[in-house]
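If you want the building blocks of each chain, they are given just below.
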Amino acid sequence: MQERAPRLGDVIDDYCPRCRLLLNHDVTSLFGDAVAKVTCRTCHNSHDYRHAQVPPRRRSSQTPDKKSLLDQVLASMPKPPEPPPPPPAGARPQKRDLWAEVERIKGQRKA
């Protein structure tokens, strides 16, 4: 069975650049027997007929050999201090005397 030539007002599938989806469109304009312009039935945007071809994805602006901005900032920062060594096995953690700390801080303020 042969397909008939598209006519004005026919519904065809096409890629809508505004919706960024493959959706139903109305034929708005013809050039000879070929579809020239279509109108999206979802957002009513008129655009050239794209033959239902979804455009390729854009490449990211970063290339693998370039460092990200975060990596550049971290490279310029000084290295953090080493963490304290873990307590020996079996040793009980030392309790802090918080009141002594408060008194020490008060003594520093007066001096």
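Since the model is a prediction, treat every value here as computed from it, not as a measurement. (Residues numbered from 1 in each chain as written. Predicted model: local features only at pLDDT ≥ 70, side-chain atom pairs only at ≥ 80, totals over all residues. Heavy atoms only, no water.)

Enquirer: Mind laying out the overall build of the protein chain, listing which residues take part and the relevant values?
Expert: Per the secondary structure count, the protein chain includes 2 helices and 4 strands. Counted from the first residue to the last, the protein chain has its helices and strands arranged as β-β-β-β-α-α. For the protein chain, whose C-alpha radius of gyration is 35 Å, the value lies well above the compact-globule estimate of 13 Å for 111 residues. For the protein chain, the C-alpha atoms occupy an extent of roughly 95 × 35 × 35 Å along the three principal directions. Here the protein chain, with 111 residues, has 13% of them falling under the buried criterion. A fraction of 31% describes how many contacts in the protein chain between residues 6 or more apart in sequence connect residues 24 or more apart. In the structure as shown, the protein chain presents an accessible area of about 10700 Å², 55% of it carried by carbon and sulfur atoms. In the protein chain, 20 side chains carry a positive charge and 13 a negative one; their mean positions are 10 Å apart. (Helix = DSSP H or I, 4+ residues; strand = E, 2+ residues; numbered from the N terminus. Rg over C-alpha atoms; globule rule 2.2 N^0.38 Å. Buried < 20%, exposed > 50% of the residue type's maximum accessible area, 1.4 Å probe, protein only. Contact = heavy atoms within 4.5 Å. Areas by Shrake-Rupley, 256 points an atom, 1.4 Å probe, with all protein chains shown as cover. Lys, Arg positive; Asp, Glu negative; His and termini not counted. Charge placed at Lys NZ, Arg CZ, Asp CG, Glu CD.)

Enquirer: For the pairing of strand β1 (residues 11-16), give the residues involved together with the corresponding values.
Expert: The pairing of β1 with strand β2 (residues 21-31) spans 6 bridges and is classified as antiparallel. Residue Val 11 lies in a different strand from β2, and its bridge partner there is Asp 26. Where β1 hands over to β2, the hairpin turn is made up of 4 residues, of which Arg 20 adopts a positive phi near 60°. (Pairing = 2+ DSSP bridges.)

Enquirer: Can you break down the environment of Lys 79 residue by residue, with the values?
Expert: You can see Lys 79 is positioned in the loop between α1 (69-76) and α2 (98-110). The class of Lys 79 is exposed, set by a relative accessible area of 79%. With 25 residues separating them along the chain, Lys 79 and Arg 104 place their C-alpha atoms 31 Å apart.

Enquirer: Report on the sheet that holds β1, specifying residues and quantitative values.
Expert: Read across the sheet, 4 strands follow the order β1-β2-β3-β4 without closing on themselves; strand pairing throughout is antiparallel. Looking along the sheet, the strands with just one partner apiece sit at the ends: β1 and β4 (46-48). Within the sheet, the average angular offset between the axes of one strand and its neighbour, ignoring direction, is 50°. Here 3 bridges tie strand β3 (residues 34-40) to β4, and the two strands are oriented antiparallel to one another. Looking at β4, one finds that Val 38 is bridged to His 47. (Axes fitted to C-alpha atoms, helices over the stretch in contact; angles between N-to-C directions.)

Enquirer: Tell me about the pattern of salt bridges, and please be specific about residues and values.
Expert: Counted under the stated rule, the structure contains 4 salt bridges. In this structure, Asp 10 engages Arg 4 in a salt bridge whose closest nitrogen and oxygen atoms are separated by 3.0 Å. Salt-bridge contacts for Lys 37 lead to Asp 48; the nearest nitrogen and oxygen are separated by 3.0 Å. With Lys 37 in strand β3 and Asp 48 in strand β4, the pair connects residues that are 11 residues apart, well separated along the chain. (Salt bridge = Lys/Arg side-chain N within 4 Å of Asp/Glu carboxyl O.)

Enquirer: Outline the layout of surface pockets, supporting the account with residue identities and numerical values.
Expert: Sizing a probe to match a water molecule and rolling it over the atoms shows the empty space that remains. In this structure, the largest pocket occupies an estimated 240 Å³ of space. What lines the largest pocket is Tyr 15, Pro 17, Arg 20, Pro 55, Pro 56, Arg 57 and Arg 58. Residues belonging to the lining of the largest pocket are distributed by class as follows: 4 nonpolar, no polar and 3 charged. (1 Å grid on protein atoms, 1.4 Å probe; cavity = no way out; pocket = protein on both sides within 12 Å on 5 of 7 lines; lining within 4 Å. Points joined across faces, edges and corners; volume = space filled by probe spheres on them. Nonpolar A, V, L, I, M, F, W, Y, C, P; charged D, E, K, R; others polar.)

Enquirer: Report on the pairing of β2, specifying residues and quantitative values.
Expert: As paired strands, β2 and β3 are joined by 6 bridges and run antiparallel to one another. From the neighbouring strand, Ser 29 faces β3, where its bridge partner is Lys 37. Between the end of β2 and the start of β3, which pair antiparallel, lie 2 residues, with Gly 32 showing a positive phi angle near 70°.

Enquirer: Summarise a nonpolar patch on the surface; cite the residues concerned and give the values.
Expert: A cluster of nonpolar side chains, contributed by Leu 69, Leu 70, Val 73, Leu 74 and Met 77, occupies part of the molecular surface with about 530 Å² of accessible area. Note that Leu 74 resides in helix α1. (Patch = residues over 30% accessible without salt bridge, like charges linked within 9 Å, V, L, I, M, F, W, Y side chains within 5 Å.)

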